[in-house]
Amino acid sequence: MNEQIRAREVRLVGPDGEQVGIVPLERALQLATDVDLDLVEVAPMARPPVCRLMDFGKYKYESALKAREARRNQQQTVIKEMKLRPKIDPHDYETKKGHVVRFLKAGDKVKVTIMFRGREQSRPELGYRLLRRLESEISELGYVEAAPKQDGRNMIMVLAPHRATKAAATAARAGSPRERETGAAEAPPAAGPTPGPAGPAGTTGE
């Protein structure tokens, strides 16, 4: 950047992306000074190297914001996995469905895998029916993002939370314990019975 550039001449790009052409380094540095911008080498391996006029401080700030937003979006996109057998026991099914419901309520996607073994592989409709049953039973919380498909010995379906479900999960995570404690401290005390006027020997009147 600026005086750190060692090339004798550069291919200069203006602040709006316009091509200025090949100019001596001294000329490029003077143009950067005239418009109060930095001369930044963006393609050092080119011959001659490509340099651009830009506000480097602003560029770094905006790049950091984009990277932070990308990390936040990546953290929010969590995929859980739940594995089932095509002839699963009813009790086990309800237990695993409960996990799927919990994952969706937390705002996470769920990859549901039906595992076929032996002769079960010749009955893919069993897995398909099980996945469709699960889809209908969690429809209030989520929807099918990726329809059931065969993948070797497995059948896979991906469920995603509805927008309202994910928003509720985000709001629940945003409420800190400190805020909840403060709200509880500020809550008015419960109304109790009002004592009557004091009677003789400190007894209450009726």
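The written sequence of each chain sets the order in which its residues are numbered from 1. It should be noted that, the model being predicted, local features are given only for residues of pLDDT at least 70 and side-chain atom pairs only at 80 or more, the latter also being counted only at that level, while totals for whole chains, interfaces and linings use all residues. Hydrogens and water molecules were not included; the side-chain quantities draw on all heavy atoms of the structure.

Draft legend 1. Geometry of the pattern of salt bridges. In the sections that follow, a salt bridge refers to a side-chain nitrogen of Lys or Arg positioned within 4 Å of a carboxyl oxygen of Asp or Glu. This model, assessed by the stated rule, comprises eight salt bridges. With its nearest N and O atoms 2.8 Å apart, the salt bridge here joins Glu120 to Arg85. One end of the pair, Glu120, is in the loop between strand 6 (109-115) and helix 4 (124-137); the other, Arg85, is in the loop between strand 5 (79-84) and helix 3 (90-105), and 35 residues separate them in sequence. When a residue's accessible area, from a 1.4 Å probe over protein chains only, is under 20% of the maximum for its type it is buried; when over 50% it is exposed; and in between it is partly exposed. Given a relative accessible area of 13%, Glu120 falls into the buried group. The exposure class assigned to Arg85 is partly exposed, which follows from its relative accessible area of 26%. Arg133 is the salt-bridge partner of Glu137, the closest N and O atoms lying 3.2 Å from each other. Helix numbers and strand numbers start at the N terminus; a helix is a DSSP run of H or I with at least 4 residues, a strand a run of E with at least 2.

Draft legend 2. Structural view of unusual backbone geometry. Between Arg47 and Pro48 the backbone carries a cis peptide bond, its omega angle lying at -5 degrees. Mapped onto the elements of the fold, Pro48 is located in the loop between strand 3 (38-43) and strand 4 (50-54). Here Asn2, not a glycine, exhibits a phi torsion of approximately 55 degrees, which is positive. The topology assignment puts Asn2 in the segment before strand 1 (9-13). By relative accessible area, Asn2 is classed as buried at 16%. Positive phi, close to 55 degrees, is recorded for Asp36, a residue that is not glycine. Looking at the secondary structure, you find Asp36 in the loop between helix 1 (25-34) and strand 3. According to the relative accessible area criterion, Asp36 is exposed, its value standing at 69%.

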